[in-house]
Structures are given as C-alpha cells and as structure tokens.
Amino acid sequence: MSIEVERKFICSANTLKTLQEIGVCAGQSKFHDQYFDTPQFHLTLRDMWLRKRKGCWELKCPTTRVKEAEESEMSALCSRYKEITNLSDIKLKLQEVLKDIGEHVTSTKQSSSVTEMDSAQDQCWTRSMNLVIFAEFTTMRQTFTLEEYGVQVDLDEADFGYCVGEIEALIPEGGDMQAAMDKIERTAKKLGLTGNQRVDGKMSVYLQEHYPEHYARLLSEHII
Ligand code: V4E
C-alpha cells in the first residue's frame, strides 16, 4: 500500500511554460471515473473515496496524522491518502467500515482472477454493500515527470469543464511524509505557485454542482 501526497494548483500559461522546460511529458491519457458510495454517503462522510477507473478499483482512505510539524502552511495545502488497489483488501476495508455503521453487508464469494473485473461480479459485490455510483466523469490528463524533483505533475481537464493541476509524490506506508512535502514545495516554488489557498479538486467542483447539500456537509466537517 502507498500514500499519495499531492498539492493541487491552477495552471497558468507561465506555470505550463516552466513545466515544459523542467519536466518530461510522459504522455496524455483519457479515463472515465465512477465513484461509489452508499445512498447515505457513509464512505465520503468518512473521507473514503471508492472509484473504478479503467477497470481497476481504488479506495483512498485518510491517513493518520502523526506529527505536529506536519501542520505547517505547506501541509495544509497538501492532501495525503492511503491508496488501496487490491480488490480483496478494498472489500475487507469496506466491510469493516460499513459493519461499524450498521450497514447491511451480504457476504460475496471472493475471487482473485481477472473475472474480478467483470461488471456482473462488480454489480454483485457493490450491491451487497449497498454501494451505488454517485459521480462519474471523464478526464483528459497530461502527465509530466520531474525526475530532479522526484514528483509527477498531472494537468487534468474534466468533461464538465474544470481544469486543475496536481503535484504528486508517492511514498510507502510509514514513509517520510515530510520529505514528500518538501519535494512538492520545492516543485511548487519552481513552478511559481505562490498562493496559499487550497485549490478545489475535480470532485469538489462536481459535488458543488450535483450534490450541493452533501458538499456543504463535507465542507463543514472539513473533509473536502
Ligand atoms: C481523495 C479525494 C477524492 C478521490 C480522487 O482524488 P483526486 O486526487 O482529487 O482525483 P484524481 O483524479 O486526481 O486522482 P488520481 O489520478 O491523482 O489518483 S475525491 C475527493 N477527495 C478528497 C480531497 C480532499 N479532501 N482534498 C483535496 C485537495 N483533494 C481531494
């Protein structure tokens, strides 16, 4: 399991120019994300984000914050999530969370073959946990690798018109969070990112449009 540390930014023409100078364009991709939750939003209200992208499942969970030193200005601009990508681990984690809140979970047969990706099987286990798609959108992404800085930069354009960049560092669980944030800060400085305001992600903008009440609740509970 790895921890994704990232800082979002709005990409100006100057930032793009610097990015093209210091980074290597690793290519463009297009993907469709489907996000799942219970109809009562039990997962996202716990800051847990379950999605299917290109046939693969991923669950992003909050990390436990350990050191006060992390609570710097830079720290406030970065998000960090544990990423679970193994489907069996995802199901176990979801069962644990949904059982805790009394949500009915019917047991489903575990499988580890390619058929896990089969949509009929997906429907079977998601239904058994009362999970439904609450958001879906397509993203066009341009990726840059900045080897010297030890980070990756993605420039995203969602099909609902929102553009956002992110500087991302991946560390193993228990890895050096401060070092990851230092890499991100160094990159941000080089790209001329001076603002100290958190920038909305694609999901924030999507929720504001489609689920304003849920968005307001996530905001008031400092989840988003
Ligand atoms: C963690 C999270 C969500 C899941 C998607 O996260 P995000 O990194 O924004 O999407 P994307 O497409 O860039 O994923 P990647 O390709 O990097 O894996 S949706 C909402 N959240 C919470 C969240 C938060 N609290 N703060 C910020 C700045 N972003 C997201």
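Our structure is the block above this text.
Nothing here was measured: the structure is a model prediction, and the numbers come from that model.

A.B. asks: Please explain the overall build of the protein chain as it appears in this structure.
C.D. replies: Of regular secondary structure, the protein chain possesses 7 helices and 8 strands. With 224 residues in all, the protein chain has 46% of them scored as buried. Put simply, the protein chain shows about 12,000 Å² of open surface, and 49% of that area lies on carbon and sulfur atoms.

A.B. asks: Hey, could you run me through the packing of aromatic side chains in this one?
C.D. replies: The relative placement of two aromatic rings is captured by the distance of their centres and the angle of their planes. A complete count under the given rule lists 10 aromatic pairs for this structure. Clustering of aromatic rings is evident, with ring pairs tying together Tyr35, Phe41, Phe134, Phe137, Phe160, Tyr206 and Tyr211.

A.B. asks: When you look at the site of the ligand in this model, what are you seeing that I'm missing?
C.D. replies: Around the ligand sit 18 residues in total, of which Arg51, Arg53, Lys60, Glu166 and Lys202 are the nearest. Within the complex, the protein chains bury 94% of what would otherwise be the 640 Å² of accessible surface of the ligand. In this structure the site holding the ligand corresponds to the largest pocket. Elements that contribute at least two residues to the shell around the ligand include exactly strand E1 (2–9), strand E3 (49–53), strand E8 (163–172) and helix H6 (202–210). For the shell around the ligand, the per-class residue count stands at 6 nonpolar, no polar and 12 charged.

A.B. asks: Would you mind going over the sheet that holds strand E2 (residues 24–37) with me for this structure?
C.D. replies: Within the closed barrel, the 8 strands sit side by side as E1-E5-E4-E3-E2-E6-E7-E8. Their pairing is antiparallel. When the angles between neighbouring strand axes are averaged without regard to direction, this sheet yields 35 degrees.

A.B. asks: When you look at the layout of surface pockets in this model, what are you seeing that I'm missing?
C.D. replies: Estimated volume of the largest pocket: approximately 930 Å³. Residue lining of the largest pocket: 39 residues in total, with Glu6, Lys8, Lys60, Ser79 and Glu166 positioned closest to the centre. Class assignment of the residues belonging to the lining of the largest pocket gives a composition of 15 nonpolar, 6 polar and 18 charged.

A.B. asks: Honestly, the pattern of salt bridges in this entry has me stumped. Any pointers?
C.D. replies: Should the charged atoms of two oppositely charged side chains come close, the side chains can pair. Applying the stated criterion to the full structure yields 17 salt bridges. Of the charged contacts in the structure, one is a salt bridge between Arg53 and Asp33, with a shortest N-O distance of 2.6 Å. Taken together, the residues Arg53 in strand E3 and Asp33 in strand E2 connect sequence positions 20 residues apart. Judged by its relative accessible area of 0%, Asp33 falls in the buried class.

A.B. asks: For this particular structure, what's the right way to read the environment of Glu148?
C.D. replies: Tracing the sequence through the fold places Glu148 in the loop between strand E6 (132–146) and strand E7 (151–158). Within the local environment of Glu148, its side chain forms a polar contact with the side chain of Arg186, the two groups lying 3.3 Å apart.

A.B. asks: Honestly, the pairing of strand E5 (residues 78–84) in this entry has me stumped. Any pointers?
C.D. replies: A regular strand places its side chains on the two faces of the sheet in alternate fashion. Counting buried positions along E5 gives 7 out of 7 residues, so the element sits mostly inside the fold. Here E5 shows no split at all, with Cys78, Arg80, Lys82 and Ile84 on one side and Ser79, Tyr81 and Glu83 on the other all buried. Where E1 meets E5, 6 bridges bridge the pair, whose relative direction is antiparallel. Within the sheet, the bridge partner assigned to Glu4 lies in E5 and is Tyr81. Relative to E5, strand E4 (residues 56–62) runs antiparallel, the two sharing 4 bridges. Counted as the bridge partner of Leu59 is Ile84 from E5.

A.B. asks: Quick question: what am I supposed to make of the nonpolar core here?
C.D. replies: One recurring pattern in soluble globular proteins: nonpolar side chains tend to sit buried together. Grouped together as the largest cluster of nonpolar side chains are 21 residues, with contacts concentrated most on Val5, Leu19, Leu146, Val151, Val153, Ile167 and Ile184. In terms of residue count, the dominant contributor to this core is helix H5 (residues 177–190) (5 residues). Counting 16 residues, the second-largest nonpolar core is a separate cluster that includes Leu50, Trp57, Leu59 and Leu87.

A.B. asks: Hey, could you run me through H6 in this one?
C.D. replies: Since the α-helix advances by 3.6 residues per turn, residues separated by three or four positions end up pointing in the same direction. Taken together, the buried positions of H6 are occupied by Lys202, Met203, Ser204, Tyr206 and Leu207. In this structure, the buried side of H6 is in contact with E2, E3, E6, E7, E8 and helix H7 (212–220).

A.B. asks: Would you explain unusual backbone geometry in this entry?
C.D. replies: Negative phi characterises most residues that are not glycine, and trans characterises most peptide bonds. Phi at Phe41 takes a positive value of approximately 60 degrees, unusual for a residue other than glycine. Its place among the elements puts Phe41 in the loop between E2 and E3. For Phe41, a relative accessible area of 13% corresponds to the buried category. Phi angles above zero are rare outside glycine, and His222 is one such case at about 55 degrees. If you trace the backbone, His222 turns up in the segment after H7.

About the criteria used
Residues numbered from 1 in each chain as written. Predicted model: local features only at pLDDT ≥ 70, side-chain atom pairs only at ≥ 80, totals over all residues. Heavy atoms only, no water. Helix = DSSP H or I, 4+ residues; strand = E, 2+ residues; numbered from the N terminus. Buried < 20%, exposed > 50% of the residue type's maximum accessible area, 1.4 Å probe, protein only. Areas by Shrake-Rupley, 256 points an atom, 1.4 Å probe, with all protein chains shown as cover. Phe/Tyr/Trp six-rings, centres within 6.5 Å; stacked < 30°, edge-to-face > 60°. Near = heavy atom within 4 Å. 1 Å grid on protein atoms, 1.4 Å probe; cavity = no way out; pocket = protein on both sides within 12 Å on 5 of 7 lines; lining within 4 Å. Sits in = over half its atoms within 2 Å of the grid points. Nonpolar A, V, L, I, M, F, W, Y, C, P; charged D, E, K, R; others polar. Pairing = 2+ DSSP bridges. Axes fitted to C-alpha atoms, helices over the stretch in contact; angles between N-to-C directions. Points joined across faces, edges and corners; volume = space filled by probe spheres on them. Salt bridge = Lys/Arg side-chain N within 4 Å of Asp/Glu carboxyl O. Polar contact = N/O pair within 3.5 Å; in protein donor to acceptor, adjacent residues only side chain to side chain. Core = buried A, V, L, I, M, F, W, Y, C linked by side-chain atoms within 4.5 Å. Contact = heavy atoms within 4.5 Å.

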